[in-house]
Protein chains: 2
Amino acid sequence: MSKSIKLAILGLGTVGTGVVNLINDNLAELKRRSGSDIIITEVGTRRQRDDIDPTIIQNDDLMAIAASDNVDIVIEVIGGITLAKDIMIHAIKNGKHVVTANKALLAEHGNEIFALAEAHNVHVAYEAAVAGGIPIIKVMREALAANKIDWLAGIINGTGNFIMTEMRDKGRPFADVLAEAQELGYAEADPTFDVEGIDAAHKLALLASIAFGIPLQFDKVYCEGITGITLQDVNYAEELGYRIKHLGFAVRRDSKDNNQEDQGIELRVHPTLIPQDALLANVNGVKNAVLVSSHPLGQTLYCGDGAGAGATASAVMADVMDLVRVLGANDQDSSRSHHVPHLAFMPEQLSDTPILRAEQMKTGYYLRVHAYDNPGVLADITRILSDAGINIDAILQKPAHKLGEVPVIILTLPVIESQMNEAIAKIEKLAAVADKVVRIRLDELAQ
Amino acid sequence: MSKSIKLAILGLGTVGTGVVNLINDNLAELKRRSGSDIIITEVGTRRQRDDIDPTIIQNDDLMAIAASDNVDIVIEVIGGITLAKDIMIHAIKNGKHVVTANKALLAEHGNEIFALAEAHNVHVAYEAAVAGGIPIIKVMREALAANKIDWLAGIINGTGNFIMTEMRDKGRPFADVLAEAQELGYAEADPTFDVEGIDAAHKLALLASIAFGIPLQFDKVYCEGITGITLQDVNYAEELGYRIKHLGFAVRRDSKDNNQEDQGIELRVHPTLIPQDALLANVNGVKNAVLVSSHPLGQTLYCGDGAGAGATASAVMADVMDLVRVLGANDQDSSRSHHVPHLAFMPEQLSDTPILRAEQMKTGYYLRVHAYDNPGVLADITRILSDAGINIDAILQKPAHKLGEVPVIILTLPVIESQMNEAIAKIEKLAAVADKVVRIRLDELAQ
């Protein structure tokens, strides 16, 4: 029999609401993967909300929720430091596991909080605190656990990256882009934390600890913002084959490259020229990315949305799922205990969703048709496609290259393969078509 | 008191040797992170090896090792199907946990193997089976566990990606590049598995199961290789703003975009045109990458080395570390049980490595010097840098843009910041230098 795991969500702002929505949207998936029922029992909110399931208790006394017998896991998404810290400590002392997105609190008081959690035998999980939906905490704590991390470099502030991207792409000056970022809601009214690099420094302190096994030392991060970057330097950098990104670096300097006195760890946040063809240089807009160089793995890159309700909720709930696997383990069935299912979903929950046959698949197409140089042939081809309900996205007709044959290149929007098969058979029967039609699938990789 | 976890490595080829080397290189790090001693007790190898620690038992009877009382975890890296399957089943029946890199075996017989493992209460872990060192299995099973996966697209065969990259970059025909890939050891003498997409289909079957919660169905993957791709099509694609990559797709088609009859899952491996500015289009050479689109997270990308001794050993040992955390848990100290340490390393193992001060840090630099248009000034600047031991990587001198001032742009190799501070102070004192020197750090992001 599966257990029920009871969650409290403290704070119903953007992230808290995102968590509620995620659980509503993906409830079946969560159960199929974890084998447990995940239930929101209480939410902490200052004003009563009528868009919340009435079976959920709403309470403005957050300290009471943090100690409630009706709660297994406390999700702290109120932000800020003083109140959040008091609540988190109260939850830990009451034996609750805590999941948080609060990078500032952990970067500045994490050593104390984690020690308290160890003493009280609970977990404080914080995937959402760094790089939003990118699972960089899990990757570095678990997936790279056998590696020696040499260095990491990250775009870990979306606002800063948006500003640097716009400056370069559109030649707009810093102040101008910052004003737009504020209008779009990417940057706060007081943008200091973003543009001076403090937010990135909070995240870097967390990443550096789990990379090198050192206590959190936010106060030692060297921090330089992007307020001094001019279009002039952006353009010179491009001319020399580089791009300016605002990056956080954590670098281990050892005897290999420094003298004894300089051995140690560099923690620094600053604008940086990096080669234009590096993937990191092509992470644009509000996206985040972290590049990790480790031995013996080499370089790996992790990229995605660094903020926003959906991305942050995904990270919060990944932590919850890890805890659920421990808490939900049935003592009678130790084989399930702490066990991620082999195929990610509980074995009895695998579905028999059919795998489609090739003819049922749907993709865009690139077609190359070799036609004799006949004025009507393009019209014939486009009519056949149009009759088959296939939409053309682009056509490229090249000059004849031999004996009057002209290649016609056509890109189509997505279409069911069987329709495309029929259309191609008709095109190949045209008298003016010289050869088999070459086809390659096409995908815009759109969301 | 920490426990010792005993490993057997079956097969001492590239990957097996990589695992031995990783453990030798990173032994201290493994213990700091897991709290347990990790010991190789037995290796399975056909011929006696004299480069292996003599305390490790070498044995050519792999079935005996799989049942040995001297082993907790069996690492299967012999490859192939028949023997590997027999050994794995024997290990499972003898209560051993198994870690494997064998994609073909799992894609074709995984349903049976995982069911047996469930019945015997052991884990079969397979991070190394897909995309080498990229932790895509952990990411999809755990980090994205709260998401509904919509689709994924992956460059999951390094040889194929190397061939497509070379064809585009250097305008070389398929057969030519394939021959080189074989010489470099990227492609087997019989390259069928790589160039016909079978290897990618094995990996896609695994990814699709953990994305959608379906049994492994390798036999239903639609599979098309790259042997038919011509330079002509590579070039037309580029002209239209696309790039051809050999991709594996797993796509959930639901009522939103298909009629009832076409609902289901598409599993397909084929050459695909994707937009040139997509990050996936810029993953080159033997690198692998997987792009996952899920709700509510959105798109995330994971990129790194998909093969090679170091990357594969990293993935094998990540699985081992997960198992060690379960096996190594001390019953007397349940707080440590199944617990990834908050800061990735055991709390008592955090180190006091110093964080370097800004003046001790070492980076390359971009310098912009505003000088009066004086013929000697460039010589003065370069002499100051050279005297300070700073190596110049590039110089760009722009024509004067106002009142005879000329910006001189200089890129330097990495240098300790205090040296750069001194050099800049001297440059700013030059009579021909008009203003403060603008400096931005520079990093090549090299391994």
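As a reminder, the structure under discussion sits directly above these lines.
Summarised in this report is the structure supplied together with it. (Residues numbered from 1 in each chain as written. Chains lettered and ligands numbered in written order. Predicted model: local features only at pLDDT ≥ 70, side-chain atom pairs only at ≥ 80, totals over all residues. Heavy atoms only, no water.)

1. Quick look at the interface of chain B and chain A
In this assembly, 145 residues from chain B lie in contact with 145 residues from chain A. When chain B packs against chain A, close to 12,200 Å² is buried across both sides, 57% of that on carbon and sulfur atoms. Its largest share of buried area at the contact with chain A, chain B owes to B:His342, B:Ile355 and B:Leu445, together 7% of the area lost on that side. The tally of links between chain B and chain A comes to eight salt bridges. Notably, a salt bridge pairs A:Glu29 with B:Arg252, separated by 3.4 Å at the nearest N-O pair. (Contact = heavy atoms within 4.5 Å. Buried area = accessible area lost by both parts, 1.4 Å probe. Salt bridge = Lys/Arg side-chain N within 4 Å of Asp/Glu carboxyl O.)

2. Examining the layout of surface pockets
To locate leftover empty space, one rolls a probe as large as a water molecule over the atoms. Here the largest pocket is characterised by a volume of approximately 1,400 Å³. A:Thr14, A:Val15, A:Gly79, A:Lys103 and A:Glu188 are the residues nearest the centre of the largest pocket, which is lined by 48 residues in total. Every element with two or more residues in the lining of the largest pocket is listed here: helix H1 (14-34), helix H4 (103-119), helix H6 (158-170), helix H8 (192-195), helix H9 (198-212) and helix H11 (309-327) of chain A. Among the elements that line the lining of the largest pocket, the one with the most residues is H9(A), at three residues. For the lining of the largest pocket, the per-class residue count stands at 18 nonpolar, 18 polar and twelve charged. Elements supplying a minimum of two residues to the lining of the second largest pocket: helix H1 (14-34), helix H4 (103-119), helix H6 (158-170), helix H8 (192-195), helix H9 (198-212) and helix H11 (309-327) of chain B. Its residues assigned to classes, the lining of the second largest pocket comprises 16 nonpolar, 18 polar and eight charged. (1 Å grid on protein atoms, 1.4 Å probe; cavity = no way out; pocket = protein on both sides within 12 Å on 5 of 7 lines; lining within 4 Å. Points joined across faces, edges and corners; volume = space filled by probe spheres on them. Helix = DSSP H or I, 4+ residues; strand = E, 2+ residues; numbered from the N terminus. Nonpolar A, V, L, I, M, F, W, Y, C, P; charged D, E, K, R; others polar.)

3. Here's the deal with the packing of aromatic side chains
What the rule picks out here adds up to three aromatic pairs over all chains. Judged by centre distance (5.4 Å) and plane angle (35 degrees), the ring pair of B:Phe114 and B:Tyr126 falls under tilted. Of this pair, B:Phe114 sits in helix H4 while B:Tyr126 sits in the loop between strand E6 (124-125) and helix H5 (136-143), and the two are twelve residues apart along the sequence. Across the pair, exposure class does not vary: B:Phe114 and B:Tyr126 are buried alike. Looking at A:Arg268, its charged tip hangs above the ring of A:Phe249, at a distance of 4.7 Å from the centre. (Phe/Tyr/Trp six-rings, centres within 6.5 Å; stacked < 30°, edge-to-face > 60°. Buried < 20%, exposed > 50% of the residue type's maximum accessible area, 1.4 Å probe, protein only. Lys NZ or Arg CZ within 6 Å of the ring centre and 35° of its normal.)

4. Here's the deal with the relation of the copies chain B and chain A
Note on the copies: chain B fits chain A at an RMSD of 0.0 Å, the axial shift is 0.0 Å, and the rotation between them is 180 degrees. Those values place the two copies in the arrangement expected of a two-fold rotation axis. No C-alpha of chain B lies nearer the rotation axis than that of B:Tyr302, which sits 2.4 Å from it. Interface overlap between copies: 100% of the residues of chain B at the interface are likewise at the interface in chain A, consistent with a symmetric, same-surface contact. (Least-squares fit on C-alpha atoms with pLDDT ≥ 70 in both.)

5. Brief notes about the sheet that holds strand E2 (residues 37-44) of chain B
All names here are of chain B. Overall, parallel pairing links the six strands, which are arranged E3-E2-E1-E4-E5-E6 in an open sheet. Looking at strand neighbours, the two that pair on one side only are strand E3 (57-59) and E6, the edges of this open sheet. Across two bridges, the pairing between strand E5 (residues 97-100) and E6 is parallel. In the sheet register, Val-99 faces E6, and the bridge partner there is Ala-125. Of the strands in this sheet, strand E1 (4-10), E2 and strand E4 (73-76) are in contact with H1, which crosses E2 at around 165 degrees. Taken strand by strand, H11 contacts E1, E2, E4, E5 and E6, and its axis lies near 160 degrees from that of E5. (Pairing = 2+ DSSP bridges. Axes fitted to C-alpha atoms, helices over the stretch in contact; angles between N-to-C directions.)

6. A few points about empty space enclosed by the protein
All names here are of chain B. Scanning the entire structure with this criterion turns up three cavities of 30 Å³ or more. In this structure, the second largest cavity spans a volume of roughly 70 Å³. In terms of lining, the second largest cavity is formed by Ala-125, Tyr-126, Glu-127, Ile-137, Lys-138, Arg-141, Glu-142, Ala-318, Asp-319 and Asp-322. Contributions of two or more residues to the lining of the second largest cavity are made by H5 and H11. In terms of residues, the lining of the second largest cavity owes the most to one element, H5, which gives four residues. Per-class residue counts for the lining of the second largest cavity are four nonpolar, no polar and six charged.

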